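Fold and contact review
Chain by chain, the residues run as shown.
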Protein chains: 2
Amino acid sequence: MSGGGRQGRGPRKPQPQPHGDVIYGRNPVQEALRAGRRHVHEVFATQAAAGEGSFSNPRIVTADVLEAMTGSGAHQGVAARVDPYPYVAADELLAVDDPLIVALDEVQDPQNLGAIARTAEAAGAAGLVIPERRSAEVTAAAAKASAGAVEHLPIARVRNLADFLDEGKRAGNWVYGADQEAETPYEQADWQGGLVLVLGAEGKGLRPRVRSHCDLLVSLPLHGRIGSLNVSAAAAVLLYMAVLRRGG
Amino acid sequence: MSGGGRQGRGPRKPQPQPHGDVIYGRNPVQEALRAGRRHVHEVFATQAAAGEGSFSNPRIVTADVLEAMTGSGAHQGVAARVDPYPYVAADELLAVDDPLIVALDEVQDPQNLGAIARTAEAAGAAGLVIPERRSAEVTAAAAKASAGAVEHLPIARVRNLADFLDEGKRAGNWVYGADQEAETPYEQADWQGGLVLVLGAEGKGLRPRVRSHCDLLVSLPLHGRIGSLNVSAAAAVLLYMAVLRRGG
């Protein structure tokens, strides 16, 4: 459950940061400060971004320095040096009463991971579970795509996703997998009670072993010529059906 | 309604293309060929991508040439020189019986435009309407983000979005705006019949003039700490509620 990987990418010439990861973007930095789940060592901002007054006493740097620090042009004039992302233990998610948990089977695009985290947080999900290998991690890019939601939403990394699904079942939850070939339309499923919703990778769907560990596979209707929804769009539709049926 | 803008960006050194736009990515090129709504002048592929056999007689080029042609590293070994994007007239969308139409109010991120087009196509929407100014256009990046759905989904550009909403009403449609401050929960709205669903820009929402032209404003529940959904996630939830309530 530890680790977390270095999140700052690219060259880091001008302003050395001896330790820690780097996140960037107004919302990600603001939510890291607001959530308080990982220490924010120092906030960096351009003169212009600092003038907007959202951050107290940021270190003023040029946009070039921010781009070098973050390895991205999407920093919006703000970055922060932070502790590694605080993954939680999967047990913590299963300890919640009747949790709604999202599990991602080898989703490798940090934009999709971030987008799904944002929607899951908005839907009041207990948390998100990702495998340790062949999955996007909670990098600075994922934090940015989540608008900072990853700072609030508990996210766990597990060695083996199928094993986690079994643990989830033993803890009294249903495990539903999203599969466009499934016979059960999503709106006919029972969305109440403890639930782990499993979504597969872009273009590949669920791995057979993960699929076989689901209690139920549900599908979304497709009325167009393109054969699938993006995984983050499918997540949004399914999570909000869960919210609706759970009385939310 | 004409125009369309040049879609190939960045330097175009090695292989000159005298006319036309450039799209890239396996799905976008495949769907452009399949839909047949704009002429595909020539397909370019790396040796490896050509070997997968999805395209007949592509011109073999190196990945470097593709990157220079497309101005992107996301080409997946495939690009094509095509006619400009074939926007339709907004009237065509309103001529459909009881259409479900999505209108975007100054959504400026081509990723969001593409993602929403993909979901709208899957939901069986009649089409998408965007303003001519201060809006993302159907660029190669938007086509890629849509997985090629923009080749099938009719998309219209209008000079004035509020005027289009009035035309929509005169043609017998309801106009619903998504607004997180709205009192009507989205699931309590009537989603049947002709409907124009209006979504606002990231972070800004609907402009006051556009909001005032809506018959009804609907909101999505938010159970987290982040104050909004991404516009493409909101679009997915609302479009699939429409599909569900329209009997799809």
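See above for the structure.
All of these numbers come straight from a predicted model, not from anything done at the bench.

**Some details on the sheet that holds strand 8 (residues 174-178) of chain A**
Adjacent strands of a sheet form backbone hydrogen bonds with each other and so pair up, either parallel or antiparallel. Residue and element names in this part refer to chain A. Strand order in the open sheet formed by 7 strands is 7-6-5-10-8-11-9, and the pairing between neighbours is parallel. Since the sheet does not close on itself, it has two edges, and those belong to strand 7 (155-158) and strand 9 (184-185), each with one partner. Two strands pair when backbone bridges link them, and strand 5 (residues 100-105) and strand 6 (residues 127-131) are joined in this way by 3 bridges, in the parallel orientation. Bridge assignment links Ile101 to a residue of strand 6, and that residue is Gly127.

**Description of the environment of Ser232 of chain A**
Residue and element names in this part refer to chain A. As for its position among the elements, Ser232 is in helix 9 (residues 231-245). Look at Ser232 and you get buried, because its relative accessible area is 14%. Placed 151 residues apart in sequence, Ser232 and Arg81 show a C-alpha to C-alpha distance of 28 Å. A distance of 2.6 Å separates polar atoms of two side chains, one belonging to Ser232 and the other to Asn230.

**Some remarks on the relation of the copies chain B and chain A**
Between chain B and chain A, the superposition needs a rotation of 180 degrees and an axial shift of 0.0 Å, giving an RMSD of 0.0 Å. The operation mapping one copy onto its partner corresponds to a two-fold rotation axis. For chain B, the smallest separation between a C-alpha atom and the rotation axis is recorded for Val237 of chain B, amounting to 2.4 Å. Same-surface contact between copies: 100% of interface residues of chain B are shared with the interface of chain A.

**Re the pairing of strand 5 of chain A**
All names here are of chain A. By the criterion of burial, strand 5 is predominantly enclosed, with 6 of the 6 residues buried. What you see with strand 5 is no split at all: Leu100, Val102 and Leu104 on one side and Ile101, Ala103 and Asp105 on the other are buried throughout. Relative to strand 10 (residues 195-200), strand 5 is paired through 6 bridges, and the arrangement is parallel. Pairing of Asp105 across the sheet is with Gly200, part of strand 10.

**Remarks on the interface of chain B and chain A**
The partner chain A presents 32 residues to the 32 residues of chain B that form the contact. Between chain B and chain A, the buried area comes to about 2700 Å², and carbon and sulfur atoms account for 60% of it. Interface area lost by chain B to chain A is led by Arg225, Ile226 and Tyr240 of chain B, which between them contribute 24%. At the junction of chain B and chain A, the tally comes to 0 salt bridges. Here chain B and chain A share 16 residue pairs in polar contact (both at pLDDT 80 or more) between them. At the level of elements, helix 1 (26-35), helix 5 (110-122) and helix 9 (231-245) of chain B are the ones that each hand at least two residues to the side of chain B that touches chain A. If you tally residues by element for the side of chain B that touches chain A, the top one is helix 9 of chain B, at 7 residues. For the side of chain B that touches chain A, the per-class residue count stands at 17 nonpolar, 9 polar and 6 charged.

**A closer look at the packing of aromatic side chains**
The full count for this structure, using the stated rule, is 4 aromatic pairs over all chains. Ring geometry for Tyr176 of chain A against Trp191 of chain A: centres 5.6 Å apart, planes inclined by 80 degrees, an arrangement best described as edge-to-face. Taken together, the residues span a long stretch of sequence, with Tyr176 of chain A in strand 8 and Trp191 of chain A in the loop between strand 9 and strand 10 at a distance of 15 residues. Overall, the relative accessible area of 4% leaves Tyr176 of chain A in the buried class. In this structure Trp191 of chain A comes out as buried when scored by relative accessible area, which is 0%. When the ring of Tyr85 of chain B is compared with that of Tyr87 of chain B, the centres are 4.9 Å apart and the planes differ by 75 degrees; the resulting orientation is edge-to-face. Neither Tyr85 of chain B nor Tyr87 of chain B differs from the other in exposure class; each is buried.

**Regarding helix 7 (residues 161-170) of chain B**
Residues and elements named next belong to chain B. Here helix 7 has its buried residues at Leu161, Ala162, Phe164, Leu165 and Gly168. Buried residues of helix 7 fall within an arc of 155 degrees about the axis and therefore sit on the same side. For helix 7, the N-terminal cap is Asn160; the gap from its side-chain oxygen to the backbone nitrogen of Ala162 is 2.9 Å. Just beyond helix 7, the residue with positive phi is Gly172, at close to 95 degrees.

**Concerning the packing of helix 9 of chain A against helix 9 of chain B**
At a minimum axis distance of 8 Å, the contact between helix 9 of chain A and helix 9 of chain B shows a crossing angle of 65 degrees. Two packed elements cross with a definite hand, and for helix 9 of chain A against helix 9 of chain B that hand is right-handed. Facing Ala233, Ala236, Val237, Tyr240, Met241 and Leu244 of chain A of helix 9 of chain A, the residues of helix 9 of chain B in contact are Ala233, Ala236, Val237, Tyr240, Met241 and Leu244 of chain B. Across the contact of helix 9 of chain A with helix 9 of chain B, the residue classes tally to 12 nonpolar, no polar and no charged.

**Re the nonpolar core**
Core analysis: the biggest nonpolar cluster contains 90 residues, and Trp191 of chain A together with Trp191 of chain B have the highest contact counts within it. The contacts of Trp191 of chain B, once residues within four sequence positions are left out, are Tyr176, Tyr186, Leu197, Leu238, Met241, Ala242, Arg245 and Arg246 of chain B.

Calculation criteria
- Residues numbered from 1 in each chain as written.
- Chains lettered and ligands numbered in written order.
- Predicted model: local features only at pLDDT ≥ 70, side-chain atom pairs only at ≥ 80, totals over all residues.
- Heavy atoms only, no water.
- Pairing = 2+ DSSP bridges.
- Helix = DSSP H or I, 4+ residues; strand = E, 2+ residues; numbered from the N terminus.
- Buried < 20%, exposed > 50% of the residue type's maximum accessible area, 1.4 Å probe, protein only.
- Polar contact = N/O pair within 3.5 Å; in protein donor to acceptor, adjacent residues only side chain to side chain.
- Least-squares fit on C-alpha atoms with pLDDT ≥ 70 in both.
- Contact = heavy atoms within 4.5 Å.
- Buried area = accessible area lost by both parts, 1.4 Å probe.
- Salt bridge = Lys/Arg side-chain N within 4 Å of Asp/Glu carboxyl O.
- Nonpolar A, V, L, I, M, F, W, Y, C, P; charged D, E, K, R; others polar.
- Phe/Tyr/Trp six-rings, centres within 6.5 Å; stacked < 30°, edge-to-face > 60°.
- Arc of directions from axis to C-beta.
- Axes fitted to C-alpha atoms, helices over the stretch in contact; angles between N-to-C directions.
- Left-handed = near helix turned anticlockwise from the far one by under 90°.
- Core = buried A, V, L, I, M, F, W, Y, C linked by side-chain atoms within 4.5 Å.

Geometric descriptors of this kind do not, in isolation, establish any biological role.
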